[in-house]
Amino acid sequence: MSNILEDAKDAVQGLVQMAKQRAVQLAPDSFIPGGRPDPLIREQHGNIGKPLSRLDGPLKVRGAAPFAAEFPLDGMLYASIAFSSVVKGRITRVDTSAAEAVPGVALVMTHLNAPKMANVPLFMTQPKAAGGIDLPIMQDDRVHWSGQPIGLVLAETQESADHARSLLRFEYATEASVTSFAAAKAKGTETGQFMGQPLKMDKGDADKALATSPHTVDRTYTTPRHSHNAIELHACTVAWEGDTLRVHDASQLVSHTAWSLGQVFGIEEEQVHVTSPFVGGGFGGKCLWWHQVLAAAGARLSGRPVRLMLSREGVYRIVGGRTSTEQRVAIAAQADGTFDALLHTGTVVISPHNAMPEPFILPVMSAYSSGSLKFDLEVATVDMLANTFMRAPGEAVGTFALESAVDELAVEMGMDPIELRLKNEPETDPVTGAPPSQRDTEKAYRDGAERFGWSKRGAPGERREGEWQIGMGVATATYPYHRMPGGAARMILSRGGAVIVEIAAHEMGMGTMTAHTQVVADRLGLPLDKVEFRYGDSFQPGVVLAGGSQQTASIGFSVIAAHRELVSELLKLAGNDSPLAGLKAEEVGSVDGGLAKLDEPERHESYVSILSRAQRDELVVEGSAPPPLELQHWSMHSHGAMFCEVAVSVITGEVRVRRFLGSFDCGRILNPKTAMSQFRGGIIMGLGLALMEETQFDERLGRIMNPSLAEYHVPVHMDVPEIEVIWTDIPDPHAPMGARGIGEIGITGVAAAVANAIYNATGKRIRDLPITLDKLM
């Protein structure tokens, strides 16, 4: 009965959402953000598009960029966390005596003496909620997963803290737990949700088409759990200054963290100051976990500042990752390759303490047209660490299954895999029917095929060089344009004609500060040295999550809004004695360090002149981005064509990726140098996903067994081939600057391109990641 009610609830939610979306789709373009193309799209000779080196580069190579664990505070203590060794149960005895006797130990904290704290609000339950796990933190004797923090030691040195932590002793009364995929499925599943939307749809009669079409494939693909391994370990340095909490964090969401920590400790958001100027890699994992809360609790209890840096093992114990998946993809096609049916269904396992399943069905919602479409993601629960976002959540592993199945269908039909894909390019959104904002996937494929030499690809097993079998593979990359509500920016224009832009955004190494310095310079008609872009501070305006490749759009619309306010205020200050007298904001633009009438550029006055005449040292304005209605009005997606060449040893089964090319259609590229790095980084991460990454989870013990980079393998220099990247550089007329985010798309499609190349080399089809040599011998 409960399942029937849940299905009915999901159906009602779906109908309401469809009605709202339809209303937005039918609205005139001019009513929608992006309805009037950004004037910067027309600008072809400014700073946008130049390969500017990262402005923070010199700081980093000199070691002058402070990361979260590099802020020295007077009287600071060092923290070490003890993790549970059982999956589920109660702590029946705690012995801290030996730890407390270690010289230099200032505090041992367990559930017996931890301060009272509320649960961290779970992500998406409130606009600024940031929690990844919906459980109390050291408030009772309960254990919910193997690796749960159950003790904290603070000491004068890290060595003393670590040693004392090793002396803590806990005894447990264990309880029955579910730790295997099979057992979780046997308990029952329910429809998963992602970002509040049910991951289920049935459009047309896909099952009937599958039974009657002349060409079909129906396959199962599996992917393992993956763990976050950013180079910078998760860390924070915290201090209480009276009732104010100061947090130096490594964070992708400073505003969310400040609000959420305020909820935990019963203080106002304004009493929590979170900064994160530099982040050594994030990929979805540098959000709010238990270590920040424990550090703040320890600092409050001890009365001293605390630095807490997780060990590499600690990251595996308390920071979520990508869940394992079991996916079925079935495709039915006519003799010419036209898809009659496209089905993508399956199951993921997640923790019972959050609601973030790996949404592997997302690619099928946009990649291809089909006479019928069915997708359904079911969720089963396991007593383990909660999962979380990881670069391209859903698309990274979903494209492995979908694009492998498309390749299998092409082989079955004797059709070129590229031609089969292009045969099914959709004219409108396959789910919503919305028109594309800009989609040039075919150009990306044609350009990539020519550059890579796709025409030289032979039949499976045909090419050989000594012991090495050579093959080529291809796959579609796809990732949507995202923008979440809450974007805002502050502009501070000085009498000297320089501007400071402040927004609570984030720099995790992808070049955000650099690219948006270029954008602001062009938007205000200023040279680069007159622009300062400040970010990573919860006291700055905006609620901007660095995830989902959405910062480009969120910052872009926020800066547009602030610039609009700036122009309005400058026109008021200019008054009747200015060449700008009588003009409205929409009649002027920023050029040559000032404002000018768009169709009479000689009517110009500089910022310096306006502020000097007004006797103002500076002008401060704030602007808020409009709601992200453009996502519902247009179908907004980036795509790419991923080409791979591999060599496979017939003796050992070793796979060597010899060449890789990504050809992308992602709108306008703001900075080719930083973009190239982003694309290549995603591709390298995709190679790891394809060939080596796997979190070894012992289903008997319910514990991650390879919590180190010695045992959890990621690509190193010798694993990475020549990677070439090209792009269409065709602006999206409905996105700020004509650009869409590029942080995630590089990882998508890579695993399928590798798997398809391996099939072309060997004739062996591998449907289980990672593709290790034992599966090819």
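Within every chain, residues take consecutive numbers counted from 1 along the sequence as written. Owing to the predicted nature of the model, reporting of local features is limited to residues with pLDDT of at least 70; listing and counting of side-chain atom pairs is limited to 80 or more, with chain, interface and lining totals taken over all residues. Values reported for side chains reflect all heavy atoms of the structure, with hydrogen atoms and water molecules removed beforehand.

**Here's the deal with the layout of surface pockets**
To find the voids left in a structure, one rolls a probe of water-molecule size over its atoms. We count it as follows: Computed over the protein atoms alone on a 1 Å grid, cavities are sets of points where a 1.4 Å probe fits but cannot get out and pockets are open sets with protein on both sides within 12 Å along at least five of seven lines; a residue lines them when it has an atom within 4 Å of a point. Grid points are joined across faces, edges and corners, and a volume is the space filled by probe spheres set on the points. Put simply, DSSP H or I for four residues or longer makes a helix, DSSP E for two residues or longer makes a strand, and each gets a number counted from the N terminus. For this classification, the nonpolar set comprises Ala, Val, Leu, Ile, Met, Phe, Trp, Tyr, Cys and Pro, the charged set comprises Asp, Glu, Lys and Arg, and every other residue, Gly included, is treated as polar.
The volume enclosed by the second largest pocket comes to roughly 1300 Å³. Along the walls of the second largest pocket sit 42 residues, with Asp38, Pro39, Leu40, Arg523 and His563 positioned nearest its centre. Among the elements of the structure, helix H13 (512-524), helix H14 (551-574), strand E24 (588-591) and strand E25 (594-597) are those that each provide at least two residues to the lining of the second largest pocket. Considering each element in turn, the lining of the second largest pocket owes the most residues, 6 residues, to H14. Grouping the amino acids of the lining of the second largest pocket by side-chain chemistry returns 22 nonpolar, 10 polar and 10 charged.

**Comments concerning empty space enclosed by the protein**
Under the counting rule described, the total for this entry stands at 6 cavities of 30 Å³ or more. Every residue along the wall of the largest cavity is listed here: Ile91, His111, Pro136, Met138, Gln139, Asp140, Arg142, His144, Gln148, Pro149 and Ile150. Grouping the constituent residues of the lining of the largest cavity by class yields 5 nonpolar, 4 polar and 2 charged. Around the second largest cavity, the lining residues are Trp145, Ser146, Tyr316, Arg317, Met384, Leu385, Phe697, Gly702, Arg703 and Ile704. Counting only elements with at least two residues in the lining of the second largest cavity, the list comes to helix H9 (312-318) and strand E31 (703-704). Broken down by class, the residue content of the lining of the second largest cavity amounts to 6 nonpolar, 2 polar and 2 charged.

**Here we look at the environment of Gly556**
Convention followed: Throughout, exposure labels follow a simple rule: accessible area from a 1.4 Å probe, protein chains only, divided by the maximum for the residue type, with under 20% read as buried, over 50% as exposed, and the rest as partly exposed. What makes two residues a contact is simply this: any of their non-hydrogen atoms within 4.5 Å.
As for its placement among the helices and strands, Gly556 is situated in helix H14. With a relative accessible area of 2%, Gly556 lands in the buried category. Separated by 69 residues in the primary sequence, Gly556 and Ala625 have C-alpha atoms spaced 8.7 Å apart. Look past the residues within four positions of Gly556 in its chain and what remains in contact with it is His516, Gln551, Pro736 and Met737.

**Topic: helix H10 (residues 395-413)**
Selection criterion: What a helix is expected to span follows from its residue count: subtract one and scale by 1.5 Å.
Between the first and last C-alpha of H10 there are 26 Å, a value that for 19 residues agrees with the 27 Å anticipated at 1.5 Å per step. The element H10 is extensively covered by neighbouring structure, given that 17 of its 19 residues are classed as buried. Of the residues trailing H10, Gly414 is marked for its positive phi of about 70 degrees.

**Thoughts on the pairing of strand E18 (residues 373-381)**
The criterion, for reference: DSSP bridges decide pairing: two strands pair if at least two such bridges lie between them.
Among the 9 residues in E18, 7 count as buried, and that is most of the element. Bridge count between strand E10 (residues 200-203) and E18: 4 bridges; the pairing is antiparallel. Of the residues in E18, the one forming a bridge with Asp202 is Lys374. Bridge count between strand E17 (residues 339-350) and E18: 9 bridges; the pairing is parallel. Across the sheet, residue Leu342 finds its bridge partner in E18, namely Leu373.

**Details of the packing of helix H17 (residues 672-691) against helix H18 (residues 750-762)**
The criterion, for reference: In this analysis an axis means a line fitted to C-alpha atoms, helices contributing only their contacting stretch, and an angle means the value between N-to-C directions, from 0 to 180 degrees. Any angle between 65 and 115 degrees counts as roughly perpendicular, while under 35 counts as roughly parallel, over 145 as roughly antiparallel, and the rest as oblique. Each crossing gets its hand from how the near helix is turned against the far one by less than a right angle, where anticlockwise is left-handed and clockwise is right-handed.
Between H17 and H18, whose axes approach to 8 Å, the crossing angle comes to 55 degrees. It follows that H17 is oblique to H18 by the angle criterion. Considering only the axes of H17 and H18, their crossing is right-handed. Counted together, Ile683, Gly686, Leu687, Leu689, Ala690 and Leu691 of H17 and Val750, Ala751, Val754 and Ile758 of H18 form the full contact between these two elements. Taken together, the residues of the contact of H17 with H18 sort by class into 9 nonpolar, 1 polar and no charged.

**Quick look at the sheet that holds strand E28 (residues 637-649)**
Spatially, E19-E20-E28-E29-E32 is the arrangement adopted by the 5 strands of the open sheet, whose pairing is mixed. Of all strands in the sheet, those bounded by a partner on one side alone are strand E19 (463-465) and strand E32 (722-727). Averaged over all pairs of adjacent strands, the angle between strand axes in this sheet comes to 25 degrees, irrespective of strand direction. Packed on one face of the sheet, H17 meets E28, strand E29 (655-665) and E32 and runs near 125 degrees to E32. In the packing of H18 onto the sheet, the strands contacted are strand E20 (468-480), E28 and E29, and the crossing angle to E20 comes to about 155 degrees.

**Quick word on the environment of Gly398**
Relative to the helices and strands, Gly398 is located in helix H10. Overall, Gly398 belongs to the buried group, its relative accessible area being 0%. Taking the C-alpha atoms as reference points, Gly398 and Ala515, separated by 117 residues in sequence, lie 30 Å from one another. Excluding anything up to four places from it in sequence, Gly398 contacts Gln327, His344, Phe360 and Pro363.

**Thoughts on the pairing of strand E3 (residues 105-109)**
For E3, a buried count of 4 out of 5 residues is recorded, marking the element as mostly surrounded by other parts of the structure. Sheet topology places E3 next to strand E5 (residues 149-155); 4 bridges connect them, and they run antiparallel. When the bridges of E5 are listed, Val105 appears paired with Ala155.

**A few points about the packing of aromatic side chains**
Our working definition: A pair of Phe, Tyr and Trp rings is counted when the ring centres sit within 6.5 Å of each other, with Trp represented by its six-membered ring. The angle between the planes then sorts it: under 30 degrees is stacked, over 60 is edge-to-face, the rest tilted. Here, a charge over a ring means that NZ of Lys or CZ of Arg falls within 6 Å of the ring centre while also lying within 35 degrees of the ring normal.
If you walk through the whole model with that rule in mind, you get 14 aromatic pairs. Ring centres of Trp454 and Phe643 lie 5.8 Å apart, and the angle between their planes is 70 degrees; this geometry places the pair in the edge-to-face category. Here the residue Trp454 occupies a position in the loop between helix H12 (441-452) and E19, and Phe643 occupies one in strand E28, the gap between them amounting to 189 residues. When sorted by exposure, Trp454 lands in the same class as Phe643, which is buried. Pairwise contacts between aromatic rings join Tyr445, Phe452, Trp454 and Phe643 into one cluster. In this structure, Arg659 is placed above the aromatic ring of Phe452, and the distance from its NZ or CZ to the ring centre is 3.9 Å. Over the face of the ring belonging to Tyr759 we find Arg765, whose NZ or CZ atom lies 4.1 Å from the ring centre.

By themselves these figures say nothing about function.
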